[in-house]
Amino acid sequence: MKQYLVFLGNIARISFQGSWRFYAWMGFLTLITLIGLNAYARQFAHGLVTTGMTDQVSWGAYISNFTYLVGIAAAAVMLVIPAYIYRNEPMHKVVLFGEMMAIAVIVMCLLFVMVDLGRADRFHHMIPPFGIFNFPVSILAWDVIVLNGYLLLNLHIVGYLMYSQYRGVKPTAKFYIPFVFVAIVWAISIHTVTAFLYVSIGGRPYWNHPIIAPRFLASAFTSGPALLVITFQIIRRWTKYWIGNEPIFTLRRIMAVAMIINFFLLLCEVFTEFYVQTYHVAASEYLYFGLHGHNGLVPWIWTAIALEFVALVLLVMPVSRQLKWLNVACVLAFVGIGVEKGMGLIVPGFVPTPLGEVVEYLPSLNEFLICIGIWAFGALLYSWMLRVAIPIMDGSLRARPDTPGGSSE
Amino acid sequence: MDSSQKPPESRTVQEAARAMDRRTFLKNTGLGAVGFLGFAAALSPLLELEKGDLSLDDFLQKHYRELSGDELEKILRELERRTARDFGVEPTISDARPVPGAEFVYALNLSRCVGCRRCAHACVKENNQSRTSDQDLEGSFIRVLELENGSMNLENSEHYYDPELVPQEGKYYMPVQCHQCRNAPCVKACPVQATWTQDDGITVVDYNWCIGCRYCMAACPYYARRFNFSKPKLEPQQINPNQAYLGNRIRPKGVVEKCTYCLQRTREGEYPACMEVCPTGARVFGNITDPDSEVAQIIKDKRIYVLKEEVGTQPRFYYFFDK
Amino acid sequence: MLFYQRVELKNGLLATALMVAVLVLNGCGSSDPVADDEVLTAAQIAEQWGGTAHLANDPVRPTGGLALHRLGWTYDCMECHRLLTARWHHDRPLVEHRDLVLEHGANRFCLNCHHPTNRNAFVDYDGAEIAEQDVVLLCAKCHGPTYRDWTRGIHGRQTGSWQTPVADRPRLRCIQCHDPHRPTYPLLTPESAPTYPVRAAGGHAPVAAHAAEQEH
């Protein structure tokens, strides 16, 4: 126990040690986070009137970001599966980075849900001893469970492996391997359940569509690894921890396949909507072409599709074996899918309303500040985890540096 | 967990502790202070919270269905006091419970509705909807749609029609409000059971339990739910003092609300406000369990149209035709 | 972005303290003194506001004849019509009642409804009299299904209580909504329309333009 407290103390200490670059980066993120917090305090005091949401479009940027980030969170599994199921050795070196990213991103997801609540002060109504949890009927209740469960699983796995490494002890398989395998299935479930949030809504034909969940998975398995590819290169550029090219190119293959599936499913969706021309096509029409003179999303969705398409071409071509082009593809895929999921999945579900009214949505400045605040906080959290984890992983922070990997406590 | 390819720069706990000298301590304290002040400054808009926006009693209050009679009584009186404090009118807030054995059903005659919007405005006034003027219809639980003769595609409906006189040639009108579904998607959606269907078929919201996630609004196929984006704005003379806890009492900020068939009236035997004012008699309301009631007769004899029947909501709201 | 929400640090510190204390402090909110003279009671507001002014349910049509009887008026149609007997043909224009325009579909003859010898009454199929207050029975001569619906409470406006059986409820009679000489329901001025939400992006196309678009 005492040793554990010393461990925490060490972590706290090294968290504040670093070069001026580290301070500048963390300071910058903290500043943005505080700006976001300030915007949230304003929203808390005045209500969601500070957002661009209306009765007609009752979910906006928060839920869009939440949805997108759930995808990123689950993408960590794309490292875990090669590492643990296919026993891909280079992947073992980086799998923890993916899991830490999952932690940071899930925390962001939970924050996005929190800021979306009209009554955040009643959050405890969802926690059973104090509240009433509408489980298993409400899909949102399921989502709360799977998201928090995924967070706990990853916290456990990362925490356990880190602490073992720190003590120089070989991790005991039974304390983490089962959790790793549960986490693999669980990662798929967070996507599926989040997609079911929308699919389960019978009154909104744009969402009530079986392709939503698989397409959501496919696009997440592109955007998540895209972020990881960039992150790995940042880590090996700016820290002492060396990551080889193998994991990066494994991720490239995953992204290419996922992107192909993503486009195939997009084709299925677009064909079903537009060929038959039922009146359920209205939402898609609004998204892709505009409806009754309202076309706020049209430029966004076509930009997103163009970005994704270029990313797809790059990924399947040999050219992306060069890191330079792979990075371009990753950025395009990450941004493209972000825009597509962010603006193209949530908002058209509300346009037109079930009664045919066309009301458009744009986030307000305050809403936007809250969003970037949460993104900054996520980056802050992930940077901090890297700051702590890398010295542990490269062995520079040990309980007993003179007995590497030998103790049997 | 391989160690890295570069030689590790070992550091023991002791070394790490030594590094924490006085200068670092001061630096960290300074950082902490700046951080704390920044944090406090960021939170400063909370000072704009109004008195009573947050209270311990609210925080600890249980779900409506778990309240004992005494607890509820205390809450109702407290709400009356707060309404008096905040809005300048002391209302009577009742607990209007369902009438035993009754199940409310609404029927609306599409052949008779002329689209005058009297119902939508009566709704705003009866239900203490927040409004910026007497013309403000934003919060009304009723939307009257203008449709082209020969089509029932709601996606071509006009909500903002405003001619000199109604009905217009070649148009017909369809008021839509909460359908009090038997298989209510909103009730299923709510993660905290803040909305549920009571024995008389009315789906209510416990405004003191709702967390404001708005999943029910997304789930509703009838656009029947509204959200309190800010604290309601009401002048004293705009307030209907006859209020009910689950009905038309002035709602708090940040919660969802909906049509309750005016339960503060209907559970006292009266008609809903929208029916009371309907000049054409297009609206018919009653107890479906009574076979002689008008609504039972309508369902037996008339041509019925159920809006969005394909969604499987099984509404307690029917449209019917004369001709 | 902090610059536009510039707040003194003192306030900031207070805010933090507030975060901790606000729940507890406001819990005591109930004991706040309320100045009685500023607060209107339910009874006062009901008086000022009319209480049910928003529920006005007067019939759309003030009905002369029936109201006269109810007021104890003794006006007797036969004072004139004793001399001016029924005209069976439209051979010349009306001299009296020129304000009446008969637009009742195929029913374009006075004595289809009015009794030929007793103008204080209406006429039944067999020439029998229908008393003025039983005007519903007169309309029922032609509008059978509507009459059936009316008796069941399906046609026409309902007032009173849903708990009262239909038969025992005060009922509006046909002519309280329909002008018997021109029974098409009158056009009404619609009350104000909802507007495109202020906080939403974009705006609504003017109704006229929208309607024009639909016509094409």
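No experiment lies behind these values; they were computed from the predicted model shown.

Visitor: Can you lay out the overall build of chain A for me, pointing to particular residues and giving the numbers?
Guide: Regarding its fold elements, chain A presents 13 helices and zero strands. Secondary structure elements of chain A, listed N to C terminal, follow the sequence α-α-α-α-α-α-α-α-α-α-α-α-α. Out of the 409 residues belonging to chain A, those deemed buried represent 63%. Excluding contacts between residues fewer than 6 apart, the proportion of contacts in chain A whose partners are at least 24 apart in sequence is 76%.

Visitor: Please set out the environment of Phe66(A) residue by residue, giving values where relevant.
Guide: Residue and element names in this part refer to chain A. Here Phe66 shows up in helix α3 (residues 61-74). Remark: the alpha-carbon pair of Phe66 and Leu110, spanning 44 residues in sequence, is separated by 7.7 Å. When neighbours within four sequence positions are excluded, Phe66 is seen to be in contact with Cys109, Phe112, Val113, Asp143, Leu147, Thr194, Leu197 and Tyr198.

Visitor: Any chance you could break down the environment of Arg316(B) for me, citing the residues and the numbers?
Guide: Residues and elements named next belong to chain B. On the secondary structure map, Arg316 appears in the loop between β12 (303-305) and β13 (317-321). Separated by 135 residues in the primary sequence, Arg316 and Cys181 place their C-alpha atoms 5.6 Å from one another. With near-sequence residues (within four places) excluded, Arg316 lies in contact with Glu103, Phe104, Val105, Tyr106, His179, Gln180, Cys181, Arg182, Thr197, Gly201 and Tyr261. Within the local environment of Arg316, its side chain forms a polar contact with the backbone oxygen of Gln180, the two atoms lying 2.9 Å apart.

Visitor: Could you give me a rundown of the interface of chain A and chain B, with the residues and numbers involved?
Guide: Contacts between the two partners involve 76 residues from chain A and, on the opposite side, 79 residues from chain B. Summing the contributions of chain A and of chain B, the shared interface buries around 6800 Å²; its carbon and sulfur component is 58%. It is Asp55(A), Ile132(A) and Leu355(A) that lose the most area in chain A upon contact with chain B, and together they represent 12% of the buried surface on that side. Along the contact surface separating chain A from chain B lie two salt bridges. Counting across the chain A and chain B interface gives 34 residue pairs in polar contact (both at pLDDT 80 or more). Elements with a contribution of two residues or more to the side of chain A that touches chain B: α1 (2-15), α2 (20-46), α5 (89-116), α6 (139-167) and α7 (173-199) of chain A. When residues of the side of chain A that touches chain B are assigned to their parent elements, the largest contribution, nine residues, is made by α2(A).

Visitor: Give me the sheet that holds β12(B): which residues, what numbers.
Guide: All names here are of chain B. With mixed pairing, four strands are arranged side by side in an open sheet as β11-β3-β13-β12. At either margin of the open sheet sits one strand with a lone partner, and together these are β11 (283-287) and β12. Neighbour-to-neighbour, the strand axes of the sheet open up by a mean angle of 30°, direction not taken into account. Relative to β13, β12 is paired through three bridges, and the arrangement is antiparallel. Bridge pairing in β13 places Ile304 opposite Phe320. Sitting on the sheet, helix α10 (residues 294-301) is in contact with β3 (104-109), β11, β12 and β13, with an inclination near 110° to β11.

Visitor: I'd like a rundown of the side chain of Asn153(B), residues and numbers included.
Guide: Take Asn153(B): it is sitting in the loop between β4 (143-148) and β5 (171-176). Of note is the side chain of Asn153(B), whose polar atom sits 2.9 Å from the backbone nitrogen of Glu155(B). Discounting chain neighbours no more than four positions away, the residues touching Asn153(B) are Tyr279(A) and Leu147(B).

Visitor: Go over the pairing of β4(B) with me, naming the residues and quoting the values.
Guide: Residue and element names in this part refer to chain B. A large share of β4 lies buried, amounting to five of its six residues. Relative to β5, β4 runs antiparallel, the two being bridged by six bridges. What sits directly across from Val144, in β5, is Pro175.

Visitor: Give me the lowdown on α6(A), citing residues and values where you can.
Guide: Since one α-helical turn is 3.6 residues long, residues separated by three or four positions face the same way. Residue and element names in this part refer to chain A. Its 29 residues place the ends of α6 42 Å apart at the C-alpha level, agreeing with the 42 Å of an ideal helix rising 1.5 Å per residue. Of the residues flanking the start of α6, the one acting as N-cap is Ser138, its side-chain oxygen 3.2 Å from the backbone nitrogen of Leu140. After α6 finishes, the residue Gly168 shows a positive phi value of roughly 75°.

Visitor: Lay out helix α9 (residues 245-276) of chain A in plain terms, naming residues and giving numbers.
Guide: In this model, α9(A) (32 residues) spans 47 Å end to end at C-alpha, consistent with the 46 Å of a helix rising 1.5 Å per residue. Downstream of α9(A) by a residue or two, Gln277(A) has a phi angle that is positive, lying close to 60°.

Visitor: Can you lay out the confidence of the model for chain B for me, pointing to particular residues and giving the numbers?
Guide: Here chain B averages 90 in pLDDT, and 93% of its residues register 70 or above. Low pLDDT, under 50, characterises residues 1-9 of chain B; the stretch is placed with 16 contacts to residues that sit more than four places away or in other chains.

Visitor: So what about the interface of chain B and chain C? Which residues, and what values?
Guide: If you look at the interface, chain B gives 87 residues, while chain C gives 64 residues. The three residues of chain B that bury the most area against chain C are Tyr160(B), Tyr271(B) and Glu276(B), which together make up 10% of that side's buried surface. The interface formed by chain B and chain C holds four salt bridges in total. A salt bridge links Arg169(C) to Glu294(B); the shortest N-O distance between them is 2.6 Å. In this structure, the connection of chain B to chain C is made through 19 residue pairs in polar contact (both at pLDDT 80 or more). Bridge count between strand β1 (residues 89-90) of chain B and strand β1 (residues 40-41) of chain C: two bridges; the pairing is parallel. When the bridges of β1(C) are listed, Glu90(B) appears paired with Thr41(C).

Visitor: Let's hear about the pattern of salt bridges: which residues, and what values?
Guide: Residue and element names in this part refer to chain B. In the structure shown here, the tally under the stated rule is 32 salt bridges over all chains. Put simply, Arg82 and Glu78 hold a salt bridge, and the shortest N to O gap is 3.0 Å. A residue pair is termed a helical-turn pair when its members lie 3 or 4 positions apart in one helix, as Arg82 and Glu78 do in helix α4 (residues 69-87) at four residues. There is no split in this pair, since Arg82 and Glu78 are both buried. The salt bridge involving Arg112 is made with Asp322; its shortest N-O contact spans 2.6 Å. Taken together, the residues Arg112 in the loop between β3 and α5 (118-126) and Asp322 in the segment after β13 connect sequence positions 210 residues apart. Under the relative-accessibility criterion, Arg112 is labelled partly exposed at 22%.

Visitor: Describe a nonpolar patch on the surface, naming the residues involved and giving the relevant values.
Guide: All names here are of chain A. Taken together, Ile260, Phe309, Val313, Val316 and Met317 make up a surface patch of nonpolar side chains, about 420 Å² in accessible area. Of the residues forming the nonpolar patch, the biggest block, three residues, is contributed by helix α11 (residues 298-316). Of note, Ile260 is situated in helix α9.

Visitor: Explain the pairing of β5(B) to me, using residue names and the numbers behind them.
Guide: Most of β5(B) sits out of view: six of its six residues are buried. Of the two faces of β5(B), the one carrying Lys171(B), Tyr173(B) and Pro175(B) and the one carrying Tyr172(B), Met174(B) and Val176(B) are both buried.

Visitor: Before we move on, could you go through the state of the cysteines and cite the residues and values that matter?
Guide: In protein chemistry, a disulfide is the covalent bond that joins the sulfur atoms of two cysteines. In total, this model carries zero disulfides over all chains according to the counting rule given. Between Cys274(B), a cysteine without a disulfide, and Cys262(B), which holds the nearest cysteine sulfur, the sulfur-to-sulfur distance is 5.7 Å. The class of Cys274(B) is buried, set by a relative accessible area of 5%. The cysteine Cys139(C) is free of any disulfide, with Cys174(C) supplying the nearest cysteine sulfur at 3.8 Å. Of the residues examined, Cys139(C) reaches a relative accessible area of 21% and is grouped as partly exposed.

About the criteria used
What you see as residue numbers is a count from 1 along each chain, following the sequence as written. Following the order in which they are written, the chains are lettered starting with A and the ligands numbered starting with 1. Residues qualify for local features only when their pLDDT is at least 70, as the model is predicted, and side-chain atom pairs are given and counted only at 80 or more; totals for whole chains, interfaces and linings, by contrast, use all residues. Hydrogens are left out, water is left out, and the side-chain values use all remaining heavy atoms of the structure. To qualify as a helix, a DSSP run of H or I must reach at least 4 residues; to qualify as a strand, a run of E must reach at least 2; elements of each kind are numbered from the N terminus. Think of it in three bands: residues with accessible area under 20% of the maximum for their type are buried, residues over 50% are exposed, and the middle band is partly exposed, with areas taken using a 1.4 Å probe on protein chains only. Any two residues whose heavy atoms approach within 4.5 Å are treated as being in contact. In the analysis that follows, any N or O atom pair within 3.5 Å is treated as a polar contact, provided that within protein one partner can donate a hydrogen and the other can accept it, and provided that, for residues neighboring in sequence, both atoms belong to side chains. Two parts placed together each lose some accessible area; with a 1.4 Å probe, that loss summed over both constitutes the buried area. Any carboxyl oxygen of Asp or Glu within 4 Å of a side-chain nitrogen of Lys or Arg constitutes a salt bridge here. Whether two strands pair comes down to DSSP finding at least two bridges between them. Note on geometry: axes are C-alpha line fits, over the in-contact stretch for helices, and angles between N-to-C directions span 0 to 180 degrees. Expected span, for any helix, means 1.5 Å times one less than how many residues it has. The pLDDT value tells you how sure the predictor is about a given residue, anywhere from 0 up to 100. Patch construction takes residues with relative accessible area above 30% that form no salt bridge. Like charges are linked within 9 Å, and nonpolar side chains (Val, Leu, Ile, Met, Phe, Trp, Tyr) are linked within 5 Å. Per-residue accessibility takes into account occlusion by the displayed protein chains alone, with areas from the Shrake-Rupley method and a 1.4 Å probe. Working definition: a disulfide is two cysteine sulfur atoms within 2.5 Å of each other.

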